[in-house]
Amino acid sequence: MIQLTEEQKMIRDMVRKIAKEKIAPRAAEIDETDEFPMDYVEVYKENNLFKMVLPEKHGGIDANTTTLCVIVEELAKAYASAPQMLITTGAALHILLKAATEAQQMRFFKRLEQGTQACSFALTEPNHGSDAGSLQTKAVLNGDHYIINGSKAFITTGEIAEMHLVFVRTGGEKTKGISVIMVDKNTPGFRVGKKEHKMGFAGTGTVELIFEDAKVPKDSIVGKVNEGWSLLLNIANMMRVWGAGCTALGNAQGALDYVVEYAKQRFQFGKPIASFQAIQFMLADMAILIESARSLIYRTAYVMDTDGGSFKNIETLVCMSKCYAADVGMKVTTDAVQIMGGYGYTKEYPVERRMRDAKSVQIYDGSNQIQRVVISRNLLG
Amino acid sequence: MAKLFGSETYARLSNQGMQIMGGYGYSLEYDMQRHFRDSRIITVSAGSSQMQRTVISRAMGLKVV
Amino acid sequence: MIHFTEEQKMMQEMVRKLVKDKVAPRAAEIDETDEFPWDIAKVFGENGLLNLVLPEEYGGVNANNTTLCIVIEEIAKVSPACGLTVFTTQALLNVLVRGGNEEQKNRFFPKFASADKICAFVLTEPNSGSDAASIQTKAILDGDSYVFNGNKIFISTGEVSDFYLVFAMTRPGEGAKGMSAFIVEKGIPGFSFGKKENKMGLRGNPTVELIFEDARVPKENLLGEEGRGWKMLTEYGNLMRTWGAASTSLGIAEGALEYATGYARERIQFGRPIGSFQAIQFMLADMAILTEAARSLIYRASWMIDQGTESSSKIEPMVSMAKCFTTDTAMKVTTDAVQILGGYGYTKDYPLERMMRDAKGVQIFDGTNQIQRVIISRNLLGKF
């Protein structure tokens, strides 16, 4: 089932090398300062990773879900925050590919080239998290422009994004009146607000976006007016498998790799702690959880890449992948800190950071509670 | 809380107890299989675990709308 | 079983009010800056919380195990890091009260009359964490003093303390039989502080390295006799896990549960409070169950200790269970509480992510939960 093509193996090796040489050495510092890693941006641009989901004619590699999983997993093994800007950008580009006109695509892709190449994916609002369908940021047509008012919260990559893919209310109640609009960072009336001061997931540029009579050209609407909700359901939500799911998976794997080496070298009672069954069993349980999460994720990716299931079937698998991998990530990283004892609790070792980062994945990209709502709804009908 | 925690602990321990005893735990010759069976009904009878949780959350000031 | 005396109830009320007024407004800042809160230590001192176990003439209340549990739990609801100051100080005084001789009590107790002295409990070394009997710091008698050499690490309330209860080997190489306990005063030549740990949580309580280089400690500061250190550690030291790690994490769990419950009542999603959804209700119910089970375990163990009638083989596993279960509970409860608050729970604008980071620390310190399970299973299985 997890059978990578030669090309995917090459991509994996390339990303693994980047992760080792460019990503991992900076992780602790980024965690400490919470500054957006512009050096990562440069590395991703050099290696064409922002554009990975685009077809070749737009400079991408037409990455399918499995390829995206491989990339995110490898980066998250080094540092969970590292792939987040690629995930939000990939999410936005996916929607543009599926729903934007040829002319819009040319315009937006060209615009992105002029800056960081990064996009944010702006859905959440201060009072509308899991209940995204009732979002309130309003876009009103006025001549050739939409006038947007409102605010978005917890927007990953928002700090440095060149463009923001924003879900706005253009029509009536709930999910029936939502549209998708592309907002340039230089739009008059638009600004980046407060940066969230978080427990972990540092350097992901999580900010508030503020729209005060922001004036956006009319032809920035992506897809049909008032039909944005279906883009969210049919395209964006499916990315949880390679986004949040693989972030959690890579992060957990990184923690396990680290703590296995530690357990072999740390001596107590005259023996390496790895020789104690209590520790061996903990490590074994952690490995079991990780492999089961990996199996679920890559199975889901395979089904998606081969069109091997109904929408409902795939949606359920995606939600399970996200929810399960995130819970596994939390448990594995928590136990990794525990195995390392006092040392694991200090900032000198990377596992406490991984534990703080793991918590984020249980919350973002649809909390694990919401995933369970979807799963049980699909189960129950 | 006491009913819920006690009964679920009994169920969990009798399950683990069977696991520790392996095949013998499953045999009618030993009492462990009886504990396993008995404990299951205790989490259901006299107010199921789900009902206990509902009562507890109500006592915490949460209401089902 | 959980029956508090009138005095204990008053103490609980007093501490609850004190931490609400003085500690709560400072808790986030203390975590953020990781600076020791001298202002809070002063307030604790003024209200008798630094001298709890001392006799009344020295400003104490002869606090028993349960009283200490009550005090630490109340402080930890708001700031476990601040609770640690009281914890490590009482840890030293407790051993001094029980294991010190008359001369030592007469000499040391008056120094605490000013109610501003802070203490630390010094055991862990770089290569001796859970395996405490293998400590290598030496204390060799030379004339009128013991000469200390060695390093101690992860010492809570280190550097800021005035007195240190130090476990060292008076007969190196003899394991537990060669271990002795000493009171070491800050400022003696040869005793210095090394690296301060930058920790994930429990920030504001300095965790530092202690360095002894030919430090001379007066002979009279040896507690009990040479070779009694291990016995003091297991007889008095281990019991303090009930009011130390266990009560700290009970407080953390309660604080998190209270906050998450309040939030669930207020936060509207899908047009109604999220507390009206069964998925959230059941999470909160499970968190409440674990917290109450932990409380029951702690105060039962504490009651056994205060009765003084049970054998140590009965009490020891109870103490380990209380420590292990309560800290695991706090980890689970705080993790779920952050989850209930969602994105807000993950930000530093709300206290829950701090509580979650703090909870992790308590699973590790004061004997890791793995070591507690070793103790529990050893008592269960006996020799075989």
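Residues numbered from 1 in each chain as written. Chains lettered and ligands numbered in written order. Predicted model: local features only at pLDDT ≥ 70, side-chain atom pairs only at ≥ 80, totals over all residues. Heavy atoms only, no water.

Regarding the pattern of salt bridges
Here is step 1 of the chain: The full count for this structure, using the stated rule, is 58 salt bridges over all chains.
Here is step 2 of the chain: Note that lysine 194 of chain A and glutamate 196 of chain A form a salt bridge whose closest N and O atoms lie 4.0 Å from each other.
Here is step 3 of the chain: The partner of aspartate 336 of chain C in a salt bridge is lysine 332 of chain C, with the nearest N and O atoms 2.7 Å apart. Here the residue aspartate 336 of chain C and the residue lysine 332 of chain C both occupy positions in helix α10 (residues 312-341), the gap between them amounting to 4 residues, near one helical turn.
Here is step 4 of the chain: Here lysine 332 of chain C falls in the partly exposed class, since its relative accessible area comes to 44%.
Here is step 5 of the chain: Salt bridges here are not isolated pairs; linked through shared partners, they connect Glu13, Arg16, Glu73, Glu74, Lys77, Glu254, Glu292 and Arg295 of chain C. (Salt bridge = Lys/Arg side-chain N within 4 Å of Asp/Glu carboxyl O. Helix = DSSP H or I, 4+ residues; strand = E, 2+ residues; numbered from the N terminus. Buried < 20%, exposed > 50% of the residue type's maximum accessible area, 1.4 Å probe, protein only.)

Structural notes on the arrangement of the chains
Here is step 1 of the chain: Pairwise contact counts over the 2 pairs of chains in contact peak for chains A and C.
Here is step 2 of the chain: The two units chain A and chain B are non-contacting; their minimal C-alpha-C-alpha distance is 15 Å. (Contact = heavy atoms within 4.5 Å.)

Focus on the domain arrangement of chain A
Residue and element names in this part refer to chain A.
Here is step 1 of the chain: The domain architecture assigned to chain A consists of domain 1 (6-113), domain 2 (119-226) and domain 3 (232-380).
Here is step 2 of the chain: Relative to domain 3, the C-alpha centre of domain 1 lies at a distance of 21 Å.
Here is step 3 of the chain: Facing the 27 residues of domain 1 at the interface are 27 residues of domain 3.
Here is step 4 of the chain: Summed over both sides, the interface of domain 1 with domain 3 buries roughly 2100 Å², with 64% coming from carbon and sulfur.
Here is step 5 of the chain: At the boundary of domain 1 with domain 3, the tally comes to 2 salt bridges.
Here is step 6 of the chain: For arginine 356, the salt bridge goes to aspartate 31, with nearest N and O atoms at 2.7 Å.
Here is step 7 of the chain: Counting the contacts that link domain 1 with domain 3 gives 12 residue pairs in polar contact (both at pLDDT 80 or more).
Here is step 8 of the chain: For the side of domain 1 that touches domain 3, a count of residues per class yields 16 nonpolar, 6 polar and 5 charged. (Domains from an automatic or database assignment. Buried area = accessible area lost by both parts, 1.4 Å probe. Polar contact = N/O pair within 3.5 Å; in protein donor to acceptor, adjacent residues only side chain to side chain. Nonpolar A, V, L, I, M, F, W, Y, C, P; charged D, E, K, R; others polar.)

Here's the deal with the interface of chain A and chain C
Here is step 1 of the chain: In this complex, chain A contributes 44 residues to the contact, which on the side of chain C involves 46 residues.
Here is step 2 of the chain: Both sides of the chain A and chain C interface together cover about 3700 Å² of buried area, and 59% of this is carbon and sulfur.
Here is step 3 of the chain: When the area that chain A buries against chain C is broken down by residue, the three leading residues are Met199, Gln338 and Tyr345 of chain A, summing to 22%.
Here is step 4 of the chain: Across the pair lysine 194 of chain A and aspartate 349 of chain C runs a salt bridge, and its minimum N-O distance is 2.8 Å.

A closer look at the nonpolar core
Here is step 1 of the chain: Counting residues in each nonpolar core, the largest one holds 221 residues, and the members touching the most others are Tyr44, Ile95 and Phe167 of chain A together with Phe44, Leu49 and Leu284 of chain C.
Here is step 2 of the chain: Apart from residues lying up to four places away in sequence, tyrosine 44 of chain A is in contact with Ile23, Leu49, Phe50, Leu75, Ala82, Pro83, Met85 and Leu86 of chain A.
Here is step 3 of the chain: Counting 19 residues, the second largest nonpolar core, distinct from the first, contains Ala139, Val184, Phe191 and Leu222 of chain C. (Core = buried A, V, L, I, M, F, W, Y, C linked by side-chain atoms within 4.5 Å.)

Focus: helix α9 (residues 277-305) of chain A
Here is step 1 of the chain: Look at α9 of chain A: 41 Å from first C-alpha to last across 29 residues, which is about the 42 Å you get at 1.5 Å a residue.
Here is step 2 of the chain: Just downstream of α9 of chain A, aspartate 307 of chain A is the residue with a positive phi angle, here 50°. (Expected span 1.5 Å × (residues − 1).)

Things to note about the interface of chain C and chain B
Here is step 1 of the chain: Across the boundary between the two partners, chain C contributes 19 residues, which contact 14 residues of chain B.
Here is step 2 of the chain: Interface area for chain C against chain B, summed over the two sides, is near 1400 Å², with a carbon-plus-sulfur share of 73%.
Here is step 3 of the chain: The three residues of chain C that bury the most area against chain B are Gln281, Phe282 and Ile289 of chain C, which together make up 38% of that side's buried surface.
Here is step 4 of the chain: At the boundary of chain C and chain B, one finds 1 salt bridge.
Here is step 5 of the chain: With a shortest N-O distance of 2.4 Å, arginine 53 of chain B and aspartate 286 of chain C are connected by a salt bridge.
Here is step 6 of the chain: For the interface between chain C and chain B, the tally reads 2 residue pairs in polar contact (both at pLDDT 80 or more).
Here is step 7 of the chain: If you list the elements that add at least two residues to the side of chain C that touches chain B, you get α8 (242-266) and α9 (278-307) of chain C.
Here is step 8 of the chain: Broken down by element, the side of chain C that touches chain B gets its largest block of residues, 11 residues, from α9 of chain C.
Here is step 9 of the chain: Across the side of chain C that touches chain B, the residue classes break down as 10 nonpolar, 5 polar and 4 charged.

Digging into the pairing of strand β2 (residues 138-142) of chain A
Residue and element names in this part refer to chain A.
Here is step 1 of the chain: Where β2 meets strand β3 (residues 145-155), 5 bridges bridge the pair, whose relative direction is antiparallel. The partner of valine 140 across the bridge, within β3, is isoleucine 147.
Here is step 2 of the chain: Counted between consecutive antiparallel strands, the loop separating β2 from β3 contains 2 residues, among which glycine 143 sits at a positive phi close to 65°. (Pairing = 2+ DSSP bridges.)

Structural notes on the environment of aspartate 349 of chain C
Here is step 1 of the chain: Looking at the secondary structure, you find aspartate 349 of chain C in the loop between α11 (343-346) and α12 (352-364).
Here is step 2 of the chain: Taking the C-alpha atoms as reference points, aspartate 349 of chain C and leucine 123 of chain C, 226 residues apart in sequence, are found 36 Å from one another.
Here is step 3 of the chain: Within the structure, aspartate 349 of chain C has its side chain in polar contact with the side chain of lysine 194 of chain A (distance 2.8 Å).

A closer look at unusual backbone geometry
Residues and elements named next belong to chain A.
Here is step 1 of the chain: Positive phi outside glycine occurs at phenylalanine 201, with the angle close to 55°.
Here is step 2 of the chain: Within the secondary structure, phenylalanine 201 is located in the loop between β6 (190-195) and β7 (207-217).
Here is step 3 of the chain: Looking at phenylalanine 201, the relative accessible area reads 2%, which means it is buried.
Here is step 4 of the chain: Despite not being glycine, aspartate 307 shows a phi value in the positive range, around 50°.

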